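# Structural overview
Listed below, chain by chain, are the residues.
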Amino acid sequence: MKLSLKSLSLNAPSLGKLSFESLLDSYAALSMRERRMVLGGVIAAVAIFIFGILVPLDRSVAHAQQRLAKKHADLVWMQGVAPEIAASAPPPAANGESLLVIVDRSARESGLGSALSGSEPGGPGTLSVRLEKAPFDALIAWLARLAQQNGVAVDSATIEKAGAPGLVNAAIVLHTG
């Protein structure tokens, strides 16, 4: 007996002629046990689609919308406070000390001495500072104190979480007013 692809025929409708009516006819031709299995499979597929894809996607979209709303509120607040901050002129650097000395001393006074991992002069009046595993609140308070007491401003800052809650790694570029 010789088998060929042409001699094999399946009782299922071809994909080109697949329609809702042909699916219903195929379903009706199944035995009761097979119908239950198909119905269970369809219900399981729908449940997986809803609870495995749609619900998590909806949650992530809602979370992203909440983050966006919070970021927008922060931006509005910052834009409202910016003129007030810009109007207050920073005081000059204390006693003609170098920026490196001011930053090192104030970091130690603020309790960040152990987190201070390095500093490099960048140009006239500019200093790049690296901190590792620094308490975030202490870091922000230190930067505010540097600005208020010494006229040192932040050019750029990259702050990343450092594992434990509240601790950050930071790369900050500072310059004198």
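A brief look at the structure comes next. All figures in this text were calculated on a predicted structure; none of them were measured in a lab.

### Some remarks on the pairing of strand β3 (residues 152–161)
Summarising the sheet, β3 and strand β4 (residues 167–176) pair through nine bridges and their orientation is antiparallel. If you follow threonine 158 over to β4, its bridge partner there is alanine 171. In this structure, the hairpin formed by β3 and β4 is closed by a connection of five residues, where glycine 163 is found at a positive phi of approximately 100 degrees.

### Describing the side chain of serine 106
Along the chain, serine 106 falls in helix α3 (residues 99–109). Within the local environment of serine 106, its side chain forms a polar contact with the side chain of tryptophan 142, the two groups lying 2.8 Å apart. For serine 106, the contacting residues outside a window of four places in its chain are Trp142, Arg145 and Leu146.

### What about the sheet that holds β4?
Read from one edge of the open sheet, four strands run β1-β2-β4-β3, paired in antiparallel fashion. Both edges of this open sheet fall to β1 (116–123) and β3, since each of them pairs with a single strand only. Shown here is a sheet whose adjacent strand axes are inclined to one another by a mean of 20 degrees, direction ignored. Of the pairings in the sheet, the one linking strand β2 (residues 126–135) to β4 comprises eight bridges and is antiparallel in character. Bridge pairing in β4 places valine 129 opposite isoleucine 172. Contacts between α3 and the sheet are confined to β1, β2, β3 and β4, with β2 contributing the most and set at about 15 degrees to the helix.

### Things to note about helix α2 (residues 32–87)
With 56 residues, α2 ought to run about 82 Å at 1.5 Å a step, and its terminal C-alpha atoms sit 81 Å apart, in line with that. The axis of α2 is deflected most strongly, by about 35 degrees, at valine 81, and proline proline 83 appears within four residues downstream.

### Digging into the packing of α3 against helix α4 (residues 136–150)
Between α3 and α4, the least distance of the axes is 10 Å, while the angle of their chain directions is 130 degrees. In terms of orientation, α3 and α4 fall into the oblique class. You can see that α3 and α4 cross each other, and the crossing is right-handed. In contact with Ile102, Val103, Arg105, Ser106, Ala107 and Glu109 of α3, α4 contributes Trp142, Arg145, Leu146 and Asn150. Looking at the contact of α3 with α4, its residues break down into five nonpolar, two polar and three charged.

What counts as what
- Residues numbered from 1 in each chain as written.
- Predicted model: local features only at pLDDT ≥ 70, side-chain atom pairs only at ≥ 80, totals over all residues.
- Heavy atoms only, no water.
- Pairing = 2+ DSSP bridges.
- Helix = DSSP H or I, 4+ residues; strand = E, 2+ residues; numbered from the N terminus.
- Polar contact = N/O pair within 3.5 Å; in protein donor to acceptor, adjacent residues only side chain to side chain.
- Contact = heavy atoms within 4.5 Å.
- Axes fitted to C-alpha atoms, helices over the stretch in contact; angles between N-to-C directions.
- Expected span 1.5 Å × (residues − 1).
- Bend = angle between axes of the 7 residues up to and from the residue.
- Parallel < 35°, antiparallel > 145°, perpendicular 65-115°, else oblique.
- Left-handed = near helix turned anticlockwise from the far one by under 90°.
- Nonpolar A, V, L, I, M, F, W, Y, C, P; charged D, E, K, R; others polar.

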